[in-house]
Amino acid sequence: TMTLWPFDPGQHPFGQDTLGKDIFARVMRGIQQSLTVIFLVGVISTVIGVVVGAISGFIRGKLDNLLMRFTDVIIIIPTLVLGAVLGRTFGGNAISLGLLLGLIAWTGLARLVRAEFLSLREREFVDAARVAGASNTRIIFRHILPNSIGVIVVNATLLMSAAILIETSLSYLGFGITAPDISLGQIISEYNEAFKTRPWLFWYPGLFIVIIALAINFVGDGLRDAFD
């Protein structure tokens, strides 16, 4: 028999919807898809942000101006709007959405890395490396980058925390992950009209969105304290 009330510990711990779909299975699949997006956004945006910020902050000059103006162009476009356009055009699943969001979410990290490199490039250990004959590439990746790892790691976790909220918003609006794939935001959107009669359909996806975002933020705070 179909259990509409959520508590059936034996078979349906999160209950079922009116079509008999198991909410526990749907939420777990949604978490898997959302975590895929978070991971891709974290990796891609961190790599792009670090490379752009490192080159801009270390080399400076015309290349710095060019990279920062390009960064400014991306920054002024609202992430949600740009993500919605790209998501509707190229998205539909977790991998494509993660790739697209990763390509537009790196701008803040790039500026932070640039500022860190502008400061560290004037330090004595960089001058010592130059005197020893180290190339610019070696100085960037072997001397300055390890000293910037705290800023990079902490802000990467903040990017990942923001990514689940962006993914949830896009999927809720129908611009992110779409059927047959599923995400937490899509679940909330699908059961939007059932809020008053079957509110538990919102409890679990909403709860896990908050838990994931808080967990990533706590990890970021812990890493910040560790590196400080």
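Please refer to the structure placed before this passage.
Rules used throughout
Residues numbered from 1 in each chain as written. Predicted model: local features only at pLDDT ≥ 70, side-chain atom pairs only at ≥ 80, totals over all residues. Heavy atoms only, no water. Helix = DSSP H or I, 4+ residues; strand = E, 2+ residues; numbered from the N terminus. Contact = heavy atoms within 4.5 Å. Core = buried A, V, L, I, M, F, W, Y, C linked by side-chain atoms within 4.5 Å. Buried < 20%, exposed > 50% of the residue type's maximum accessible area, 1.4 Å probe, protein only. Phe/Tyr/Trp six-rings, centres within 6.5 Å; stacked < 30°, edge-to-face > 60°. Lys NZ or Arg CZ within 6 Å of the ring centre and 35° of its normal. Salt bridge = Lys/Arg side-chain N within 4 Å of Asp/Glu carboxyl O.

**Digging into the environment of I209**
For I209, the position within the fold is in helix α10 (residues 200–227). As a C-alpha pair, I209 and T168 span 41 residues in sequence and 8.1 Å in three-dimensional space. Setting aside anything within four residues of it in sequence, one finds I209 in contact with I164, L165, T168, L184 and I188.

**Things to note about the nonpolar core**
Within the largest apolar cluster, 28 residues are counted, with the highest numbers of intra-cluster contacts made by V37, L101, V113, F117, I139 and I144. Elements with a minimum of two residues in this core: α1 (23–59), α3 (79–90), α4 (94–102), α5 (107–120), α6 (124–131), α7 (136–144) and α8 (149–173). Broken down by element, the residue count for this core peaks at five residues, all from α1. Ignoring any residue separated from it by four or fewer positions in sequence, one finds I144 in contact with F58, F117, L120, R121, F125, V126 and I139.

**Some points on the packing of aromatic side chains**
How two aromatic rings sit relative to each other is set out by the distance from centre to centre and by the angle between their planes. Summed over all chains, the structure comprises one aromatic pair. Here the guanidinium or amino end of R121 rests over the ring plane of F58, the centre of that ring lying 5.4 Å away.

**Concerning the pattern of salt bridges**
Applying the stated criterion across every chain, the model contains seven salt bridges. The closest approach of N and O atoms between D181 and R29, which form a salt bridge, is 3.9 Å. Pair noted here: D181 is in the loop between α8 and α9 (184–190) and R29 is in helix α1, with a separation of 152 residues, a long-range link. For R29, a relative accessible area of 35% translates into the label partly exposed. Between D127 and R130 there is a salt bridge, with its nearest N and O atoms 3.4 Å apart. Taken together, the positions of D127 and R130, both in helix α6 and three residues apart, correspond to about one turn of that helix. By relative accessible area, D127 is classed as partly exposed at 39%. Since its relative accessible area comes to 33%, R130 is described here as partly exposed. One salt-bridge network, held together by shared partners, links R60, R121 and E122.

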